[in-house]
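What follows is each chain in one-letter form.
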Amino acid sequence: YRDSSTCYCQGCKARFMKDTGRRIRDWPQDAFSGRHKKAYSQWRCAQTRKLVEGVKQIARSSGRECRVSAAVFGGYPKCVPSVAQDWVEWLREGHVDFVCPMNYVSNIEKFSELVRMQVNLPGARGHVFPGLGVTADESRLTAAQTVEQVLVARELGAGGWLLFALNPVLHRETLPVLNLGLTSKPGQPDPGD
């Protein structure tokens, strides 16, 4: 779901009423802000959870060893009613192996606050791999800022980290700096030696 204003189509109305046994007189108002708002929000979350469960089942049945992850909105629990992502539940229930909150901010204090909150959610430690918005619309990180965010993520107990998005800027400006030491293999000579 893009945001809390989606989706209120006739198909969702029919499926919601069938799944819950509720009758709605004033659609979509009753589901958006009226007496069925909470139930509709829960129903939306259930639809997303079913999709995530299905992906996990497909991955398990493939016969290949793989880990299932999801890029998620970082502002938990606000993302539950807004975009129907209860990713803490997904972790707790084993529907995903790890989550990648899209922490696309350039301010290091805000980034630290987000990661600290995320890794301390129930069952999240070691299963949160923050997404760094190196070239995201919401942030543009220098190589030095990227290194700083990686170090904060590691210090706070994140299981890993990801960079968004692979493009020429990330390739030319950021990755070479990370390879100088932050992501070099143990025992590999430092290029500066």
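Please read all numbers here as calculations on a predicted model, not as lab measurements.

The rules behind these values
- Residues numbered from 1 in each chain as written.
- Predicted model: local features only at pLDDT ≥ 70, side-chain atom pairs only at ≥ 80, totals over all residues.
- Heavy atoms only, no water.
- Helix = DSSP H or I, 4+ residues; strand = E, 2+ residues; numbered from the N terminus.
- Buried < 20%, exposed > 50% of the residue type's maximum accessible area, 1.4 Å probe, protein only.
- Areas by Shrake-Rupley, 256 points an atom, 1.4 Å probe, with all protein chains shown as cover.
- Lys, Arg positive; Asp, Glu negative; His and termini not counted.
- Charge placed at Lys NZ, Arg CZ, Asp CG, Glu CD.
- Pairing = 2+ DSSP bridges.
- Salt bridge = Lys/Arg side-chain N within 4 Å of Asp/Glu carboxyl O.
- Phe/Tyr/Trp six-rings, centres within 6.5 Å; stacked < 30°, edge-to-face > 60°.
- Lys NZ or Arg CZ within 6 Å of the ring centre and 35° of its normal.

### Let's talk about the overall build of the chain
Secondary structure assignment for the chain yields eight helices and four strands. Secondary structure elements of the chain, listed N to C terminal, follow the sequence α-α-α-β-α-α-β-α-β-α-β-α. A principal-axis box enclosing the C-alpha atoms of the chain has dimensions of 75 × 40 × 30 Å. Here the chain holds 193 residues, and the buried ones make up 41% of them. For the chain, the accessible area works out to roughly 11200 Å², and carbon and sulfur atoms hold 53% of it. Separation between the mean location of the 26 positive side-chain charges and that of the 19 negative ones in the chain comes to 10 Å.

### Considerations on the sheet that holds strand E1 (residues 69–72)
If you trace the four strands from one edge of the open sheet to the other, you get E1-E2-E3-E4, paired in parallel fashion. The open sheet has two edge strands with one neighbour each: E1 and strand E4 (162–163). Sheet analysis places strand E3 (residues 131–132) next to E4, joined by two bridges and oriented parallel. Each bridged residue has a counterpart across the sheet, and for Leu132 the counterpart in E4 is Leu163.

### Considerations on the pattern of salt bridges
For the structure shown, the criterion picks out seven salt bridges. Measuring nitrogen to oxygen at the nearest pair gives 4.0 Å for the salt bridge that ties Arg92 to Glu93. In this structure Arg92 comes out as exposed when scored by relative accessible area, which is 53%. Residue Arg140 is joined to Glu173 by a salt bridge in which the shortest nitrogen-to-oxygen separation is 2.7 Å. Of this pair, Arg140 sits in the loop between E3 and helix H7 (143–155) while Glu173 is found in helix H8 (residues 168–178), placing the two residues 33 residues apart along the sequence. Sharing partners across several salt bridges, the network here consists of Arg49, Glu53 and Glu89.

### Re the packing of aromatic side chains
Scanning all chains against the criterion turns up 10 aromatic pairs. An angle of 80 degrees between the planes, with centres 5.5 Å apart, marks the rings of Tyr8 and Phe32 as edge-to-face. Note that Tyr8 is positioned in the segment before helix H1 (10–20) and Phe32 in helix H2 (residues 29–32), a separation of 24 residues in sequence. Aromatic pair Trp27 and Tyr40: ring centres 5.4 Å apart, planes at 85 degrees, arrangement edge-to-face. One end of the pair, Trp27, is in the loop between H1 and H2; the other, Tyr40, is in helix H3 (residues 37–61), and 13 residues separate them in sequence. On the basis of relative accessible area, Tyr40 is assigned to the buried category, the value being 0%. Seen from the ring of Tyr1, Arg44 lies directly overhead, with NZ or CZ sitting 4.2 Å from the centre.

Purely geometric stuff here, so don't read any function into it on its own.
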